[in-house]
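Chains, contacts and geometry: an overview
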Amino acid sequence: MNGDEQLLNRRVYGADHDDPYPGPLPHRTYAELVGGPLDGLLLDIHGWRTEEVDDGVALVTELSRWPGGRALYDPRPGEPRTSGPGVSCRFYYSGDTP
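I will try to describe carefully the structure that is included in this document. Numbering of residues starts from 1 in each chain and follows the order in which that chain's sequence is written. At least 70 in pLDDT is required for a residue's local features to be given in this predicted model, at least 80 for side-chain atom pairs to be given and counted, and no such filter applies to totals for whole chains, interfaces and linings, which use all residues. Each side-chain value is worked out from all heavy atoms of the structure, with water and hydrogens disregarded.

What follows covers the overall build of the chain. Of regular secondary structure, the chain possesses two helices and five strands. In DSSP terms, a helix is any run of H or I states spanning at least four residues, a strand is any run of E spanning at least two, and both are numbered starting from the N terminus. When the helices and strands of the chain are placed in sequence order, the string is α-β-β-α-β-β-β. Over its C-alpha atoms the chain spans a radius of gyration of 13 Å, differing by no more than 12% from the 13 Å that the globule rule assigns to 98 residues. With the principal axes as the frame, the chain shows a C-alpha extent of 35 × 35 × 20 Å. A simple rule labels every residue: compare its accessible area, found with a 1.4 Å probe on the protein chains alone, to the largest value its type can have, and call it buried under 20%, exposed over 50%, or partly exposed in between. Buried residues in the chain amount to 31% of all 98 residues. Contacts were defined at the residue level, with two residues in contact if any of their heavy atoms lie within 4.5 Å. When contacts within the chain are restricted to residue pairs at least 6 apart in sequence, those whose partners lie at least 24 apart make up 45%. Summed over its atoms, the accessible surface of the chain is roughly 6100 Å², and 50% of this surface lies on carbon and sulfur atoms. For the purpose of charge, His is not counted, nor are the chain termini; Lys and Arg are scored as positive and Asp and Glu as negative. Every charge is mapped to an atom, namely NZ of Lys, CZ of Arg, CG of Asp or CD of Glu. Of the charged side chains in the chain, 9 are positive and 16 negative; the average position of the first set lies 4 Å away from that of the second. For the radius of gyration, the atoms used are the C-alpha atoms, and the globule rule reads 2.2 Å times the number of residues raised to 0.38. What sets the accessible areas is the Shrake-Rupley method with a 1.4 Å probe; for residues, cover comes only from the shown protein chains.

So, in structure tokens, the structure goes:
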């Protein structure tokens, strides 16, 4: 299996567990979630403005310190980003909030 095939086998945050194809779509843009309870998932950031990506995210998850709380993920300042479809950046776990 090549790198593109491995990418397409990854799961996107928010996809239903019983979705027959919970992986990324080739024409969308994603951030890879690194660390914490959602490690390894992809977040669909297609159409986000640069400022929105810079702000990071608080994602609802039952796997956080507070069930039903949010896991916080942020980009690292100065880390390179690519444009176009595929994985364009990484968001790193920074903690949980209720």
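Now for the pattern of salt bridges. The rule for a salt bridge is simple: a side-chain nitrogen of Lys or Arg has to be within 4 Å of a carboxyl oxygen of Asp or Glu. Considering all chains together, one arrives at six salt bridges under this definition. Here Glu-32 and Arg-90 are joined by a salt bridge, their closest N and O atoms 3.3 Å apart. You can see Glu-32 sitting in strand E1 (residues 29-34) and its partner Arg-90 sitting in strand E5 (residues 86-97), a full 58 residues away along the chain. Residue classification places Arg-90 among the partly exposed positions, given a relative accessible area of 40%.

Just geometry here; none of it tells us what the structure is for.
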